[in-house]
Amino acid sequence: MTDALTQLREMQSADLPVHGGRTLAYVYDSGLPDIDRIGREAVAAYAGSNGLDPTAFPSLLRMETEVVGMAADLLDAPETVVGTVTSGGTESVLLAVQAARDAHPEIERPRMVLPSTAHAAFHKAAHYFGVEPVLVPVGPDFRADPTAMAAAMDERTVLVVASAPSYAHGVVDPVTAIAAAAAERGIRCHIDACIGGWVLPYATRLGRDVPAWTFAVEGVTSISVDLHKYAYAPKGTSVLLHRTPELRRPQFFASAAWPGYTMLNSTMQSTKSGGPLAGAWAVLRSLGDEGYERLARDVFEAVDRIRTGVGEMPELAVVSTPDSTLLALTTDGSCDPFTVCDEMAARGWYVQPQMSFAGSPATIHLSVSAATLPHVPEFLAALAEAVEAAVAAGPVTVDPAVAAFIGDLDPFSLSEEDFDGLLVAAGLVGAESGLALPQRMAEVNAMLDLASAAMREALLVAFLDRLTRPTRRSR
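These notes cover the structure that comes with them.

**A word on the overall build of the protein chain**
Helix and strand counts for the protein chain stand at 16 helices and 13 strands. Rg of the C-alpha trace for the protein chain: 23 Å, near the compact-globule value of 23 Å for 475 residues, within the 12% margin. Principal-axis analysis of the C-alpha atoms gives the protein chain an extent of 65 × 60 × 50 Å. Among the 475 residues that make up the protein chain, the fraction classed as buried is 49%. Of the contacts made within the protein chain by residues no fewer than 6 positions apart, 73% connect residues no fewer than 24 positions apart. Taken as two groups, the 34 positive and 57 negative side-chain charges of the protein chain have centres that lie 6 Å from each other.

Structure, rendered in structure tokens:
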């Protein structure tokens, strides 16, 4: 009988590396093996514990209140603050939107005001909870426009959102002005600090110029901060903080409308493993304030070195001066970002392609970790080689027939036959009519970049559906 753990290790060998600082999206690596070990051992120790009932597992209750307390201290929270540990940034965002909606049952068609750079999780919340997103264009520096945000607020607005920082460009919105405008109208203001929440406070301590965004800003009513990002905890933990218990109360769900136990939940989940919470608690306690300040110093040094190195490459430019640990790079037209991403992958580095949006060109996204610092020279050398190769290859082109095929598709009635036709036209069908995506993704990304936002969504949904069909054992 095949050893399942051996098989797991074999399968995992094809995944992106989660250690070594060479994966600049999806994972956040402290570069400290002992911290990683502590987190994983804590997860394993609590994998069978259930956070559904805090009275049954009091150690989980203690860990949650202590983790929330650490976040509150870091984010300048008042004594009235309360918080909840969630499964990740998206759940924190969903709950912030749901609580804002349910706090105003008298508003039949609630709205929330978002800068156009707000995370897609807010659009997911809008979809789930029936809260209309009002999108406000950002300024030329990709930061939210507070005047335009204020003008978009009305009597149906239940929530206003700002980012610290925005994912796509790594910049912090002008929270002080946005929160003041929201407070003047009695509207909640949520700060999405899922990426920056555990690193920006240390950036400030290190003397870096970071716009104000924490609870120290009047009018900020809630903040989300992920622990599995720059707190370097195992995957599956975020914290949602509310300034007062009254603001959080609509987030809770209780139901006695059935013959079983009275259900009481603080999050979207009912049953939830205690493992991620235990892993986060163990990592936070082990690193402590000094450890996080040291990691912040490392990651910002890596960011500065990468910015300097990119500045010496005429084909590349940083899109906007970053306030945090995220960078977006654009090209000068001599090559395209998608080919650069492919060339980086060929050299053992994962950098993330970002499609064009609202008149802005496609970019290359970097989420820099502390573990990247020792490897910055290697990264810059690989990037220079990737750019040279991309220039030699020339900008990727899409076959005009494929482009025309995409243009003729209706995103709102895309059928399996339509998707099959696109796979054939793009040469993405294998010998047995299965998906046969190439190792190099530049042409695929260029095709998606041609499509409208609605068409891109429809194609990717069709792709995900096809990709996740079940694998059946032979009978």
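**Focus: the packing of helix 10 (residues 275–311) against helix 12 (residues 376–393)**
With their axes 10 Å apart at the nearest point, helix 10 and helix 12 run at an angle of 30 degrees to one another. The angle between helix 10 and helix 12 falls in the class roughly parallel. Crossing handedness for the pair helix 10 and helix 12: right-handed. Listed contacts from helix 12 to Ala302, Arg305, Ile306, Gly309 and Val310 of helix 10 are Val376, Phe379, Leu380 and Leu383. A breakdown of the residues in the contact of helix 10 with helix 12 according to their chemical character gives seven nonpolar, one polar and one charged.

**Notes on the nonpolar core**
The biggest cluster of nonpolar side chains holds 96 residues, and the ones touching the most others in it are Trp198, Trp213, Tyr292, Leu366, Phe379 and Leu383. If we ignore the near neighbours within four places in the chain, the residues touching leucine 366 are Leu24, Ile306, Thr325, Leu326, Leu327, Leu329, Val351 and Phe379.

**A look at the environment of valine 303**
Tracing the chain through its elements places valine 303 in helix 10. Placed 73 residues apart in sequence, valine 303 and valine 376 show a C-alpha to C-alpha distance of 9.0 Å.

**Let's talk about the sheet that holds strand 1 (residues 82–86)**
Spatially, the seven strands line up as an open sheet ordered 1-7-6-5-4-2-3, and their pairing is mixed. Across the chains shown, the open sheet's two edge strands, defined by having one partner strand only, are strand 1 and strand 3 (132–136). In this sheet, neighbouring strand axes are inclined to one another by 20 degrees on average, regardless of whether the strands run parallel or antiparallel. Bridging between strand 4 (residues 157–163) and strand 5 (residues 188–192) involves five bridges; their strand directions are parallel. Paired with valine 160 across the bridge in strand 5 is cysteine 189.

**Quick look at the side chain of histidine 365**
On the secondary structure map, histidine 365 appears in strand 13 (residues 363–367). Judged by its relative accessible area of 0%, histidine 365 is buried. Polar side-chain contacts of histidine 365 include one of 3.2 Å to the side chain of tyrosine 167. Among the polar contacts made by the side chain of histidine 365, one reaches the side chain of glutamine 354 at a distance of 3.4 Å. Contact partners of histidine 365, with chain neighbours within four places excluded, come to Leu24, Tyr167, Ala168, Leu326, Leu327, Val351, Gln352 and Gln354.

**Concerning the pairing of strand 3**
Summarising the sheet, strand 2 (residues 111–115) and strand 3 pair through five bridges and their orientation is parallel. Looking at the pairing, arginine 111 lines up with glutamate 132 of strand 3. Of the crossover connections in this fold, the one passing from strand 2 over helix 5 (residues 120–129) to the parallel strand 3 is right-handed.

**Some points on the sheet that holds strand 11 (residues 326–331)**
Across the sheet, four strands lie side by side as 10-11-13-12; this open sheet has antiparallel pairing. Single-partner strands in this sheet number two, and they are strand 10 (316–318) and strand 12 (352–354). Adjacent strand axes in the sheet meet at a mean angle of 35 degrees when their direction is disregarded. In this structure, strand 11 lies alongside strand 13, joined through four bridges in antiparallel fashion. Looking across to strand 13, one finds that leucine 326 is bridged to serine 367.

**A few points about the pairing of strand 5**
Of all the five residues making up strand 5, five are buried; the element is thus mostly covered by neighbouring parts of the structure. Taking every second residue as pointing to the same face, both faces of strand 5 are buried, with Arg188, His190 and Asp192 on one and Cys189 and Ile191 on the other. Assessed by its sense of winding, the connection that carries the chain from strand 4 through helix 7 (residues 175–184) to strand 5 is right-handed. As judged from the three bridges shared by strand 5 and strand 6 (residues 222–226), these two strands associate in the parallel manner. Each residue of the ladder has a partner; that of histidine 190, found in strand 6, is serine 222. Viewed along the sheet, the connection from strand 5 through helix 8 (residues 200–205) into strand 6 turns out right-handed.

**Quick look at the state of the cysteines**
This structure, assessed with the given rule, holds zero disulfides. There is no disulfide at cysteine 189, and the cysteine sulfur nearest it, in cysteine 194, is 14 Å away. Exposure remark for cysteine 189: the relative accessible area of 0% places this residue in the buried category. Take cysteine 341: it sits in no disulfide, and the sulfur closest to it among the cysteines is that of cysteine 335, at 10 Å. Relative accessible area serves as the criterion here: at 6%, cysteine 341 is assigned to the buried category.

**Side note on the packing of helix 11 (residues 337–346) against helix 15 (residues 442–450)**
Interaxial distance between helix 11 and helix 15 falls to 8 Å at its minimum, and their mutual angle equals 150 degrees. By the angle between their axes, helix 11 is roughly antiparallel relative to helix 15. Seen from above, helix 11 lies across helix 15 with right-handed handedness. From helix 11, Phe338, Thr339 and Asp342 reach across to helix 15, where they touch Ala442, Asn445, Ala446 and Asp449. Grouping the amino acids of the contact of helix 11 with helix 15 by side-chain chemistry returns three nonpolar, two polar and two charged.

Basis of the calculations
Residues numbered from 1 in each chain as written. Predicted model: local features only at pLDDT ≥ 70, side-chain atom pairs only at ≥ 80, totals over all residues. Heavy atoms only, no water. Helix = DSSP H or I, 4+ residues; strand = E, 2+ residues; numbered from the N terminus. Rg over C-alpha atoms; globule rule 2.2 N^0.38 Å. Buried < 20%, exposed > 50% of the residue type's maximum accessible area, 1.4 Å probe, protein only. Contact = heavy atoms within 4.5 Å. Lys, Arg positive; Asp, Glu negative; His and termini not counted. Charge placed at Lys NZ, Arg CZ, Asp CG, Glu CD. Axes fitted to C-alpha atoms, helices over the stretch in contact; angles between N-to-C directions. Parallel < 35°, antiparallel > 145°, perpendicular 65-115°, else oblique. Left-handed = near helix turned anticlockwise from the far one by under 90°. Nonpolar A, V, L, I, M, F, W, Y, C, P; charged D, E, K, R; others polar. Core = buried A, V, L, I, M, F, W, Y, C linked by side-chain atoms within 4.5 Å. Pairing = 2+ DSSP bridges. Polar contact = N/O pair within 3.5 Å; in protein donor to acceptor, adjacent residues only side chain to side chain. Right-handed = clockwise from strand over helix to strand, strands pointing away. Disulfide = S-S within 2.5 Å.

In short, geometric facts, not functional conclusions.
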